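Architecture at a glance
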Amino acid sequence: MITIAGSVNLDLVARVERLPGPGETVTGVAYAEAPGGKGANQALAARRAGHPVAMAGAVGDDANAIAALSLLQAAGVDLSGVERLAAVPTGVALILVDDRTGENQIAVVPGANGRAMENGVPEAPGAGAWLLQMEISDQAIAAALDAAAAAGATRYLNIAPYRASAGELARKADVVIANQTEFDALAASLGIEPGRAEDRMAGAADALGVALVLTLGADGALAVTGEGMVRATTPRIEPVDTVGAGDTFCGYLAAARAEGMAWPDALDLACRAGALACLTEGAQPSIPERAAVDAFTG
């Protein structure tokens, strides 16, 4: 079992002719609503990868909660660890997507996510793995990582969205996942000077006592692990929408490792899943099923 502790949102997505600059208004092309939140996205990705998944988090007692949890429920994710809180709105994400390039800008209003697990961390069945992100409070993340350690579970932390506490929390994890921007901020906080990515990653992994995974978008992924330095490439694609690609990568990576895949195979699967997610609009609607990822070579 993989337990994902994190955010649950409803995504409000507008495709625009181009992303606006500060103070600028641009014309929208289309609008849609879809389930989202980094925690929920990664839970669905791990489930669609074929692994049993439980979700821990919080939503409001409102109509948005039903929509936000709909795809997790349909996929068979265990939602018993998701609290419904009265008088608090379900979290929302306001997303602008460039209709030409697929690049995005996102603003998140946490709502109930800000109170996730304030009444304690739910007990997860079996040891397995725990996967967390940074869209819930530091206190909730730390408590969940401590509970995972006590249960003998493998602890994954995706330090997105990055904040100053990421380095301290990362020391509680076994595997830390970051994109280039997040890793640069983490490395700076550890006093690691600019240089070759491999050297900086090795330094950061050693300083934190973790395995470190760096996602590189179209250039694939790089990892420093107990098996040494591992690199995977990403199939070449023309992206439609990059929202959710990173979360798809994280969920698939955790599921692949839970299956017992070696790091090179796990990274390859996660990269292909992330690339395939870029070919469909939306966060959760774009997360591919395992059979599609297995067949996808770009």
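Everything below is about the structure shown above.
Treat the numbers as computed from the prediction; the structure is a model and nothing was measured.

1. A few points about the packing of helix α1 (residues 38-48) against helix α7 (residues 245-258)
Following both chains from N to C, one finds α1 and α7 inclined at 45°, their axes separated by 7 Å at the closest point. Judged by the inter-axis angle, α1 sits oblique to α7. The hand of the α1/α7 crossing is right-handed. Residue-level inspection shows K38, N41, Q42, A45, A46 and R48 of α1 in contact with α7, the latter providing D247, T248, C250, G251, Y252 and A255. A class-by-class count of the residues in the contact of α1 with α7 yields five nonpolar, four polar and three charged.

2. Notes on the sheet that holds strand β7 (residues 104-109)
What the four strands build is an open sheet, ordered β3-β2-β6-β7; its pairing is mixed. Edge positions in the open sheet fall to β3 (28-36) and β7, since each of these has one partner strand only. Each strand of the sheet is rotated relative to its neighbour by a mean of 15°, with strand direction disregarded. Judged from the eight bridges that link them, strand β2 (residues 9-16) and strand β6 (residues 91-98) form a sheet pairing that is parallel. Each residue of the ladder has a partner; that of A14, found in β6, is L96.

What counts and how
- Residues numbered from 1 in each chain as written.
- Predicted model: local features only at pLDDT ≥ 70, side-chain atom pairs only at ≥ 80, totals over all residues.
- Heavy atoms only, no water.
- Axes fitted to C-alpha atoms, helices over the stretch in contact; angles between N-to-C directions.
- Helix = DSSP H or I, 4+ residues; strand = E, 2+ residues; numbered from the N terminus.
- Parallel < 35°, antiparallel > 145°, perpendicular 65-115°, else oblique.
- Left-handed = near helix turned anticlockwise from the far one by under 90°.
- Contact = heavy atoms within 4.5 Å.
- Nonpolar A, V, L, I, M, F, W, Y, C, P; charged D, E, K, R; others polar.
- Pairing = 2+ DSSP bridges.

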